[in-house]
Amino acid sequence: MSFGSPGGGAINYKPTPPERGSFPLDHDGECKHLISDYLKCLKTRNGVNDEQCRKLAREYLSCRMEKNLMAPDNFKNLGLEFKGDELGKNSKVSSISTRKDDNA
């Protein structure tokens, strides 16, 4: 329909769900300290999401996965894998541990 048509040209729009699904908000603030650190990192770097800030983002997402605030996923799928970094290769939730897996 064009502008000025009867009914104002309202188009029926059906919203689509997010590609990755929805997840609960962190109402209890269980991971709030991590997101605060990430936002401070972004602020000190004038909004540039460099490797240091991205590592903080990974810690935040790992916290959310551990607290069942989001579905576990591999950090490679989330774009948070770093060169020479075992954390991104091994895991979903167990990535926060410091153990190294030689099978990866």
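Here, every reference points to the structure presented above.
Quantities reported herein were computed from a predicted structural model and do not represent experimental measurements.

About the criteria used
Residues numbered from 1 in each chain as written. Predicted model: local features only at pLDDT ≥ 70, side-chain atom pairs only at ≥ 80, totals over all residues. Heavy atoms only, no water. Helix = DSSP H or I, 4+ residues; strand = E, 2+ residues; numbered from the N terminus. Buried < 20%, exposed > 50% of the residue type's maximum accessible area, 1.4 Å probe, protein only. Contact = heavy atoms within 4.5 Å. Areas by Shrake-Rupley, 256 points an atom, 1.4 Å probe, with all protein chains shown as cover. Axes fitted to C-alpha atoms, helices over the stretch in contact; angles between N-to-C directions. Parallel < 35°, antiparallel > 145°, perpendicular 65-115°, else oblique. Left-handed = near helix turned anticlockwise from the far one by under 90°. Expected span 1.5 Å × (residues − 1). Disulfide = S-S within 2.5 Å. Lys, Arg positive; Asp, Glu negative; His and termini not counted. Salt bridge = Lys/Arg side-chain N within 4 Å of Asp/Glu carboxyl O. Polar contact = N/O pair within 3.5 Å; in protein donor to acceptor, adjacent residues only side chain to side chain.

**Notes on the overall build of the protein**
When its secondary structure is counted, the protein shows three helices and zero strands. Start at the N end of the protein and walk to the C end: the helices and strands fall as α-α-α. Here the protein holds 104 residues, and the buried ones make up 27% of them. Considering only intrachain contacts with a sequence separation of at least 6, the fraction spanning at least 24 residues in the protein is 41%. Carbon and sulfur atoms make up 52% of the accessible area of the protein, which amounts to about 8,000 Å² in all.

**Thoughts on the packing of helix α1 (residues 32-44) against helix α2 (residues 51-66)**
In contact at an axis separation of 9 Å, α1 and α2 are set at 165 degrees when each is read in the N-to-C sense. The orientation of α1 relative to α2 falls into the category roughly antiparallel. You can see that α1 and α2 cross each other, and the crossing is left-handed. For the pair α1 and α2, contact is made by L34, I35, D37, Y38, C41 and L42 and by Q52, C53, L56, A57, E59, Y60 and C63, respectively.

**Focus: the environment of C63**
Structurally, the position occupied by C63 is in helix α2. C63 gets classed as buried once you look at its relative accessible area, which sits at 6%. For the pair C63 and E30, spaced 33 residues apart in sequence, the C-alpha separation works out to 8.0 Å.

**Some points on α2**
Helix length check: α2 (16 residues) gives 22 Å between terminal C-alpha atoms against 22 Å at 1.5 Å per residue, within 8%. Of the positions making up α2, those classed as buried are C53, L56, A57, R58, Y60, L61, S62, C63, R64 and M65. A positive backbone phi angle near 60 degrees is found at N68, which sits one or two residues after α2.

**Points about the state of the cysteines**
Taken as a whole, this structure holds two disulfides when the rule is applied. C31 shares a disulfide with C63; S-S distance 2.0 Å. Classification of the bridge connecting C31 and C63 rests on its S-S torsion, roughly -85 degrees, and on that basis the disulfide is left-handed. A residue pair is termed long-range when its members are at least 10 positions apart, and C31 in the segment before α1 and C63 in helix α2 qualify at 32 residues. The residues C31 and C63 share a single accessibility class, namely buried. With a sulfur-sulfur separation of 2.0 Å, C41 is cross-linked through a disulfide to C53.

**A word on the side chain of D26**
Here D26 is to be found in the segment before α1. The buried charged residue D26 lacks any salt bridge partner; its closest oppositely charged side chain belongs to R64, at an N-O distance of 5.0 Å. Side-chain polar atoms of D26 contact the backbone nitrogen of C31, separated by 2.8 Å. Sequence-distant contacts of D26, that is, excluding residues within four places in its chain, are made with C31, K32, R64 and L69.

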